[in-house]
Amino acid sequence: MYRLVITIIQLIFILSVAQRNFQSKLMKMVKYQHLVYCVLLFISLIDLSTAARSNPPDDVLEWVQKDDRRFLRANIRVGDINRTIKFYTEFFGMKVLRRKDFPEVNISNAVIGFGSEETQFVLGLSQHHSAVDKLELGTAFSHFGITTQDIYTMVEKIRAAGGVITREPGPVAPGGTTIYAFVNDPDGYSFELILRPPSPEPLNHMCLNVVDIDRSIDFYEKALGMNLLVPKYDNTQEQYTVAMVGYGSNYTQTTVIELKYNFNVTEYTKGNGYAQVAIGTDDVYKSAAAVEQAIQELGGKIIRPPGPLPIIGTKITAFLDSDGFETVLVDNEDYLNYLKQFKKE
């Protein structure tokens, strides 16, 4: 930034001197002044950008570990937004936090969750009314997880309404103490229901299928500053390995990402259902620098450089991890300011 300011000052000075000494000539060339200014400034910006890429901050990976991070939202596409809202509110106990239709582009959006967007992890729903492509969930995204204090009643209510129960309530293994079940929503998204005391984050996890669990753990630790909250666990009977990464130290009190490696599976289809997860940060620029370093080592891709979004001005950056899953990092302060507008409506 310092070099940019100096460049602009020098450019203005040169133009002012030229105007005083060669005013008559410049008057004939005035229409070209703006072009010259833009070209020179563009060259300067290229120089600055190149310098930034060749000299990344050495401490960004350490900084990420200290950053104020929180899971904000996961976005999914649905086939019928009214049907999905009815299912999530009646059977899961979620609430519609806000909703808006965009008839000019034939899209309806809604945000739904167990509590305020300012403090809890929520789901963003999007229905594309005129989409010619069929909703395809793919195989890469596995499921969401919800905690409940009455898993048996919840499962029976879903069953009575004609819902799909893919795993009956029971322990993970014979003699285990954790009781869980799996159900599908109307579009086929899978939800794991977990019997657990009240938690600050009832929507407590999302599970991603990965092809190299060690690489994925390394990526989320380095690129996003997450902690390994549940070490790798091999379920040889059901042929998979899982691990959980997230922020904090207690995976039962926060939202986490469950990474799952299915034995001998080397490829998944992404589909067009699950879109991305958004995570808050105090500095999208430092965050992007850390992600870039992790990508160089472990794979992935920056798909949106850090900076403000047009119109709303919220600063974000977005990237794909080593398995192609998208994450959006959002400036914490900008995010809270963005939410204030909905309180006024």
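Report on the accompanying structure. (Residues numbered from 1 in each chain as written. Predicted model: local features only at pLDDT ≥ 70, side-chain atom pairs only at ≥ 80, totals over all residues. Heavy atoms only, no water.)

### Observations regarding the packing of aromatic side chains
So, step 1. Under the criterion given, the structure shown has 17 aromatic pairs.
So, step 2. Between F71 and F121 the ring centres are 5.9 Å apart and the planes differ by 70 degrees, which places this aromatic pair in the edge-to-face class. Of this pair, F71 sits in strand 1 (residues 70–77) while F121 is found in the loop between strand 3 (107–113) and strand 4 (122–128), placing the two residues 50 residues apart along the sequence. For the residue pair F71 and F121, the accessibility class agrees, reading buried in each case.
So, step 3. Relative to F319, the ring of F219 lies with its centre 6.0 Å away and its plane at 45 degrees, an arrangement referred to as tilted. Of this pair, F219 sits in helix 7 (residues 213–224) while F319 sits in strand 15 (residues 315–320), and the two are 100 residues apart along the sequence.
So, step 4. You can call F319 buried: its relative accessible area is 1%.
So, step 5. Through pairs of rings, three or more aromatic residues link up here, namely F87, Y88, F91, F92, F141, F144, F191, Y274 and F325. (Phe/Tyr/Trp six-rings, centres within 6.5 Å; stacked < 30°, edge-to-face > 60°. Helix = DSSP H or I, 4+ residues; strand = E, 2+ residues; numbered from the N terminus. Buried < 20%, exposed > 50% of the residue type's maximum accessible area, 1.4 Å probe, protein only.)

### Observations regarding the environment of T153
So, step 1. Turning to its location among the elements, T153 is positioned in helix 6 (residues 151–160).
So, step 2. When the C-alpha atoms of T153 and F91 are compared, they prove to be 9.7 Å apart, with 62 residues separating the residues in sequence.

### Quick word on the packing of helix 7 against helix 8 (residues 284–298)
So, step 1. Between helix 7 and helix 8, the least distance of the axes is 8 Å, while the angle of their chain directions is 155 degrees. Taken together, the axes of helix 7 and helix 8 are roughly antiparallel relative to one another. In terms of crossing hand, the pair formed by helix 7 and helix 8 is right-handed. Only A290, V291, A294, I295, E297 and L298 of helix 8 make contact with helix 7, whose side of the interface consists of R215, D218, F219, K222 and A223.
So, step 2. Residues that form the contact of helix 7 with helix 8 fall into these classes: seven nonpolar, no polar and four charged. (Axes fitted to C-alpha atoms, helices over the stretch in contact; angles between N-to-C directions. Parallel < 35°, antiparallel > 145°, perpendicular 65-115°, else oblique. Left-handed = near helix turned anticlockwise from the far one by under 90°. Contact = heavy atoms within 4.5 Å. Nonpolar A, V, L, I, M, F, W, Y, C, P; charged D, E, K, R; others polar.)

### Considering the nonpolar core
So, step 1. Counting residues in each nonpolar core, the largest one holds 60 residues, and the members touching the most others are Y88, F92, L123, M206 and Y220.
So, step 2. In this structure, F92 is in contact with F87, F114, I146, M154, I158, V183, F191 and L193, ignoring residues within four places of it in sequence.
So, step 3. Counting eight residues, the second-largest nonpolar core is a separate cluster that includes A278, V328, V330 and Y335. (Core = buried A, V, L, I, M, F, W, Y, C linked by side-chain atoms within 4.5 Å.)

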